[in-house]
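Reading the structure
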Amino acid sequence: MAQIFAYIAHKGGVVDDSAAELAVAARKIDAAAEVTAIVTGSGGDVDKACEGAAKLYAQVWKFNHADLAYPNAEIVRKLLTDVLPKDGIVLIPHDTFGMDLAPGLAIKLDSAYAPDVVGIDGMDGAVMKVVRQEFAGMAHAHVTCDTAAGAVLTLRPGSFQPENGAVSGSVTDKSGDIGDITAKRRFLEVVEAETGDVDITKADVLVSVGRGIEDQDNIGIAEELAEAMGAVVSCSRPIVDAKWLEKSRQVGTSGKTVKPKVYMALGISGSFQHLGGLKGSPFIVAVNKNPKAPIFQVADVGIVEDILEFMPALTEKLS
Amino acid sequence: MEILVCVKRVPDTAENEIEIKGDGTDIERDDLVYSVNEWDNYATEEAIQIRDNVGGSVTVVTVGDDEAEEVLRRQMAMGADKGILLSDDAFEGSDGRGIATILKAIVKKGSYDLILTGAQADDGAAQVGGMLAAMLDLPYASLVNKVDVGSGKTIKVGREIEGGNQEMSEIELPCVLSIQTGINEPRYVGIRGIRKVASVEIPTHGAGDLGLSADSVGTGAARVKRVDYFTPEMGAGAEILEGSIEEKIDKLIELLKAKGGLK
Ligand SMILES: Cc1cc2nc3c(=O)[nH]c(=O)nc-3n(C[C@H](O)[C@H](O)[C@H](O)COP(=O)(O)OP(=O)(O)OC[C@H]3O[C@@H](n4cnc5c(N)ncnc54)[C@H](O)[C@@H]3O)c2cc1C
Ligand SMILES: Nc1ncnc2c1ncn2[C@@H]1O[C@H](COP(=O)(O)O)[C@@H](O)[C@H]1O
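Predicted model, so just to flag it, every value in this text is computed and none were measured.

Criteria and cut-off values
- Residues numbered from 1 in each chain as written.
- Chains lettered and ligands numbered in written order.
- Predicted model: local features only at pLDDT ≥ 70, side-chain atom pairs only at ≥ 80, totals over all residues.
- Heavy atoms only, no water.
- Helix = DSSP H or I, 4+ residues; strand = E, 2+ residues; numbered from the N terminus.
- Rg over C-alpha atoms; globule rule 2.2 N^0.38 Å.
- Buried < 20%, exposed > 50% of the residue type's maximum accessible area, 1.4 Å probe, protein only.
- Areas by Shrake-Rupley, 256 points an atom, 1.4 Å probe, with all protein chains shown as cover.
- Salt bridge = Lys/Arg side-chain N within 4 Å of Asp/Glu carboxyl O.
- Near = heavy atom within 4 Å.
- Polar contact = N/O pair within 3.5 Å; in protein donor to acceptor, adjacent residues only side chain to side chain.
- Nonpolar A, V, L, I, M, F, W, Y, C, P; charged D, E, K, R; others polar.
- Pairing = 2+ DSSP bridges.
- Expected span 1.5 Å × (residues − 1).
- Contact = heavy atoms within 4.5 Å.
- Axes fitted to C-alpha atoms, helices over the stretch in contact; angles between N-to-C directions.
- Core = buried A, V, L, I, M, F, W, Y, C linked by side-chain atoms within 4.5 Å.

What to know about the overall build of chain A
On a plain count of helices and strands, chain A comes out with nine helices and 18 strands. On C-alpha atoms alone, chain A measures out to a radius of gyration of 22 Å, which is about the 20 Å that the 2.2 N^0.38 rule sets for 319 residues. Across its three principal axes, chain A shows a C-alpha extent of roughly 70 × 45 × 35 Å. Out of the 319 residues belonging to chain A, those deemed buried represent 56%. Summed over its atoms, the accessible surface of chain A is roughly 12400 Å², and 48% of this surface lies on carbon and sulfur atoms.

Examining the pattern of salt bridges
Enumeration according to the criterion identifies 33 salt bridges over all chains in this entry. Of the charged contacts, one joins E38(B) and R211(A) as a salt bridge, the two residues approaching to 3.1 Å between their closest N and O atoms. In this pair, E38(B) is assigned in helix α1 (residues 38–54) and R211(A) in the loop between β14 (205–209) and α5 (219–229), connecting two distinct chains. For E38(B), a relative accessible area of 26% translates into the label partly exposed. Ionic pairing is found between R73(B) and E69(B), a salt bridge with its closest N-O pair at 2.7 Å. In this pair, R73(B) and E69(B) are both assigned in helix α2 (residues 69–78), four residues apart and thus about one turn of the helix distant. For R73(B), a relative accessible area of 14% corresponds to the buried category. Overall, E69(B) belongs to the partly exposed group, its relative accessible area being 25%.

Digging into the site of ligand 1
In the vicinity of ligand 1 there are 31 residues, among which S236(A), Q250(A), S254(A), S269(A) and Q273(A) approach most closely. Ligand 1 sits at the junction of chains A and B, each of which supplies nearby residues. The contact in question runs from an oxygen atom of ligand 1 to an N or O atom on the side chain of Q250(A), over 2.8 Å. For ligand 1, an oxygen atom lies 2.8 Å from a polar atom in the side chain of H274(A). Coverage of ligand 1 by the protein amounts to 92% of the 980 Å² it exposes when considered alone. Residue assignment for the shell around ligand 1 shows that the elements contributing at least two residues are α6 (237–241) and α7 (272–275) of chain A. Residues that form the shell around ligand 1 fall into these classes: eight nonpolar, 17 polar and six charged.

A closer look at the pairing of strand β10 (residues 175–179) of chain B
All names here are of chain B. Counting buried residues along β10, five of its five residues qualify, which places the element largely inside the surrounding structure. Neither face of β10 is exposed, since C175, L177 and I179 on one face and V176 and S178 on the opposite face are all buried. Here five bridges tie strand β6 (residues 114–118) to β10, and the two strands are oriented parallel to one another. Along β10, the bridge assignment pairs T117 with S178.

Structural notes on helix α8 (residues 245–259) of chain B
An α-helix turns once every 3.6 residues. As a result, residues three or four positions apart point the same way. Look at α8(B): 21 Å from first C-alpha to last across 15 residues, which is about the 21 Å you get at 1.5 Å a residue. Among the residues of α8(B), I245(B), K248(B), I249(B), L252(B), I253(B), L255(B) and L256(B) are the ones counted as buried. Residues of α8(B) that are buried in the fold lie against α5, β16 (262–266), β17 (283–287), β18 (301–303) and α9 (307–318) of chain A. G260(B) occupies a position one or two residues after α8(B) and carries a positive phi of about 80°.

So, the sheet that holds strand β7 (residues 140–148) of chain B
Across the sheet, which stays open at both edges, the 10 strands sit in the order β13(A)-β9(B)-β8(B)-β7(B)-β10(B)-β6(B)-β1(B)-β4(B)-β5(B)-β11(B) with mixed pairing between neighbours. Looking at the sheet topology across the chains shown, the edges are occupied by β13 (185–191) of chain A together with β11 (204–205) of chain B. Looking at chain direction, strand β5 (residues 82–86) of chain B and β11(B) are connected through two bridges and run parallel. Counterpart to L86(B) in the pairing with β11(B) is H205(B). Its contacts with the sheet place α1(B) against β1 (2–6), β4 (57–63), β6, β7 and β10 of chain B, and it is angled at close to 155° to β6(B).

Concerning the sheet that holds strand β9 (residues 127–134) of chain A
Spatial ordering of the open sheet is given by β8(A)-β9(A)-β10(A)-β12(B), a layout of four strands whose pairing is antiparallel. Every other strand in the sheet has two partners, leaving β8 (119–124) of chain A together with β12 (224–230) of chain B as the edge strands with one partner each. Taken pair by pair, the neighbouring strands of this sheet meet at an average axis angle of 25°, ignoring direction. As judged from the five bridges shared by β8(A) and β9(A), these two strands associate in the antiparallel manner. Bridge pairing in β9(A) places D124(A) opposite V127(A). Seen against the sheet, helix α1 (residues 18–29) of chain A touches β8 and β9 of chain A and runs at an angle of roughly 30° to β8(A).

Section: the environment of A47(B)
Residues and elements named next belong to chain B. Within the secondary structure layout, A47 lies in helix α1. Among the residues examined, A47 registers a relative accessible area of 0% and is labelled buried. Apart from residues no more than four positions distant in its own chain, A47 is found in contact with I3, V5, V58 and L116.

Looking at unusual backbone geometry
Look at the link from L173(B) to P174(B): it is a cis peptide, with omega at -10°. Turning to its location among the elements, P174(B) is positioned in the loop between β9 (166–172) and β10. With phi around 65°, K243(A) is a residue other than glycine that occupies positive phi space. By the element assignment, K243(A) lies in the loop between α6 and β16. In this structure, D137(B) is a non-glycine residue whose phi angle is positive, near 60°. With respect to the helices, strands and loops of the structure, D137(B) is situated in the loop between α4 (128–136) and β7.

Some points on the nonpolar core
By size, the foremost hydrophobic cluster in this structure holds 55 residues, and its most contacted members are L80(A), L84(A), V152(A), L86(B), F91(B) and I115(B). Core analysis: the next-biggest nonpolar cluster, separate from the first, contains 43 residues, V35(A), A139(A), A141(A) and I27(B) among them.

Looking at the environment of N288(A)
All names here are of chain A. Here N288 is to be found in the loop between β17 and α8 (295–298). Measuring from C-alpha to C-alpha, the distance between N288 and M123 comes to 38 Å, with 165 residues separating the pair along the chain. Beyond its immediate sequence surroundings of up to four residues, N288 is in contact with G267, I268, S269, A293, I295, F296, I303, V304 and E305. Here I268 takes part through its backbone oxygen, which lies 3.3 Å from a polar atom of the side chain of N288.

Here we look at the side chain of D122(B)
Relative to the assigned elements, D122(B) resides in the loop between β6 and α4. D122(B) gets classed as buried once you look at its relative accessible area, which sits at 14%. Residues in contact with D122(B), not counting those within four places in the same chain, are E134(A), F135(A), A136(A), K8(B), V10(B), P11(B) and N37(B).

Pasting the structure below:
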């Protein structure tokens, strides 16, 4: 059985939730595997992150270097290409850093690449069977990944339920193995997202509209409904991309994380990046004209209607 | 600046209900509406704007069947200068690595300063750009939502990271960037624009022209393969409200009152 490695994402030494999820995924590949956590960083941060990782993994490899202070995918890729065996199985979170790192790493290691995996069915010899989603979550697919020459997998955040039970792993300082990690891409700075005039993260009730709103002129219909409900208007990403509402209204992984009591998802399909911004198990009402929209799998109440008819009718009834 | 934009023809998920065939081998494709992958429109628009600012040319390329030509024409109607179709039976069944291998071959035939892809396409893989860059040994940035081209050998790019924050980097040319939606406002293409480019010659290359051996692309080379599509066993799922629109509204108001959704 191939060796399994997990890339640990951390911020300032605090390990990300994905670290525990990757540990669960690794056990689905091989219940008996001794998985090695890879922690890169600099100074006190990397030590703290190693401590966090050692609670989840039997072995932790520490890579400490000033150039690793901020995770630059090109630098991390060079490092991993040098230190990992070519036939290993490498697990990486499918977040914005993982998406930047993993495809190129798979090429450099000459490994198979299975992106955005949401489930692992197990191994049959060297062939791993995984579950993915296609067409914006509207179709699930079983996919085989030949791991004979190694494999890199990115795992969708939130897809693997972390288990309780603490490990006390050992940390090995591998910093001496760091070779040439100069990069053609240099990190400059992080520009924080702008804050808008409303704070959707504080609202108890959100009237959230997606591409189903169809036209900028229809935003007013949602505003009227929100007013009648005493709610705040939020939205999915395409509405912000089209500049119909400002960025500070966007719910999702690249927008705001919200914790309302009630979430009205109107003409929103329910992509994982959108749902990733919904926390605290709100009561979700989904209105969508497609009865097969993925949002109905996570909503509490579903209504199959055209939102452009439904919203005004609901507003009228309330006023 | 010579710019290559990789584009893909995909079923339009905003227009279609995706149905899985009874035997799970494919989705029902008969009545599907196809379009250019959403992210690729932003990539093409960005390329056109860069060319209009600093000069050069924009070439759009796709790996696909004969019908894929229509997306090239559409991007040319937007303003791309050239289109290239990469098509061969031997390409069928390629995994992401296979597609990147084919694209690498066409990149090698030209001389590009900047290669753009979309951040992801219909199977949500977000892989081809990063793979292509690594194969070409070029620097790469994914999820790019800002490109600043100056006159030097480096450009400044912004990447979208969690929470909508933006990571700014400096990257050497030539490079590969995968473009995120929202970076610009892709221009509208009307029927007339498409008609204008309807008779423009679009060169097609197969495996032979590209110097690709059959065992480096297609089903045979694929290490990642789809077995089937399936409908997952759903959890409880939503309680679907039935009846007339008035009945649904009455029921919903009751529920909202109980859950604190109405003031
Ligand atoms: C790295 C990355 C980060 C991302 N971050 C985010 C994020 O933070 N937030 C986010 O939202 N997305 C994000 N996305 C985009 C995400 O993948 C989806 O594309 C997006 O969430 C889709 O938005 P939507 O549901 O409004 O549109 P669609 O997926 O197009 O869905 C529209 C829905 O409306 C329905 N509909 C259409 N017309 C009507 C009507 N008249 N009445 C009723 N229903 C109707 C359709 O059936 C469909 O289900 C991100 C993507 C990437 C790659
Ligand atoms: N068949 C293809 N032809 C041309 N470009 C493609 C093809 N498939 C993927 N791409 C490019 O790679 C990007 C990411 O797609 P993917 O890695 O498949 O999610 C797309 O937005 C395109 O720019």
